[in-house]
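Structural overview
What follows is each chain in one-letter form.
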Amino acid sequence: MALDETAERVIALPCDQVAAYAMDWRHDAEWTQGIREARLTREGDQGGFGAGAEVTRTAYFLGKRIDYVLRVAAYQPSRLLDMVSVAGPMPMHVTYTFDPHPRGTLARIRVRGDASGYYRPAAPLIARKVRSSLRKDLRDLERILLRHGRRPRPGL
């Protein structure tokens, strides 16, 4: 079964502020549901974080520990982070986008995957859980950014 879930939220901050925090793998465990740890396990093609970099995440989903590796397929600071799983329990594609909005930034997360095989019986539950988690991720992202003194610029 194909999984394709998207959540979006307007955050009253400029794209560069929202994206800089959300795209930094060192913050993954602070705002992304289930992630307990994230590590940069391979630098990008140009060194550091960027296209070709790999981040290993340790997460808990439906009570089970899951370790998976996401490779950065595309990276445009302040705009786009597109990652594809290269190791883990199921094929997955995660895309973060940040677009200007009259009230700040339209933040969007899309998760696509293949919930067949071992996960097929739980596919409807997985889809609901992913959808719910993505919504909560964006609420938490906004709460953290505003709580840590990252305030909107005048006029936003």
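Residues numbered from 1 in each chain as written. Predicted model: local features only at pLDDT ≥ 70, side-chain atom pairs only at ≥ 80, totals over all residues. Heavy atoms only, no water.

1. A few points about the sheet that holds strand S3 (residues 54–61)
Hydrogen bonds between backbone groups are what pair the strands of a sheet, and the pairing can be parallel or antiparallel. With antiparallel pairing, the seven strands of this open sheet are ordered in space as S1-S7-S6-S5-S4-S3-S2. The open sheet has two edge strands, strand S1 (2–11) and strand S2 (35–42), and neither has a second partner. On average, each strand axis in the sheet is inclined to that of its neighbour by 20 degrees, with strand direction left out of account. As defined by bridge partners, strand S6 (residues 92–101) adjoins strand S7 (residues 104–114) across 10 bridges and the pair is classed as antiparallel. Looking at the pairing, Met92 lines up with Gly113 of S7. Packing of helix H1 (residues 15–22) onto the sheet brings it into contact with S1, S6 and S7, and relative to S6 it is tilted by some 160 degrees. (Pairing = 2+ DSSP bridges. Helix = DSSP H or I, 4+ residues; strand = E, 2+ residues; numbered from the N terminus. Axes fitted to C-alpha atoms, helices over the stretch in contact; angles between N-to-C directions. Contact = heavy atoms within 4.5 Å.)

2. Here we look at the confidence of the model for the chain
Residues of the chain with pLDDT of at least 70 account for 87%, and the chain-wide mean is 88. Low pLDDT (under 50) marks residues 152–156, which in the prediction has eight contacts with non-local residues, meaning those over four places away or in another chain. (pLDDT = per-residue confidence, 0-100.)

3. Some details on the packing of aromatic side chains
In this structure the tally under the stated criterion is two aromatic pairs. Where Trp31 meets Tyr96, the ring centres are 5.9 Å apart and the plane angle is 65 degrees; that geometry is what we call edge-to-face. Residue Trp31 is found in helix H2 (residues 28–31), and its partner Tyr96 is found in strand S6; the two are separated by 65 residues along the sequence. Trp31 gets classed as buried once you look at its relative accessible area, which sits at 1%. (Phe/Tyr/Trp six-rings, centres within 6.5 Å; stacked < 30°, edge-to-face > 60°. Buried < 20%, exposed > 50% of the residue type's maximum accessible area, 1.4 Å probe, protein only.)

4. Quick look at H1
Those residues of H1 not exposed but buried are Cys15, Val18, Ala19, Tyr21 and Ala22. On an axial view of H1, the arc spanned by its buried residues comes to 165 degrees, and they lie on one face. (Arc of directions from axis to C-beta.)

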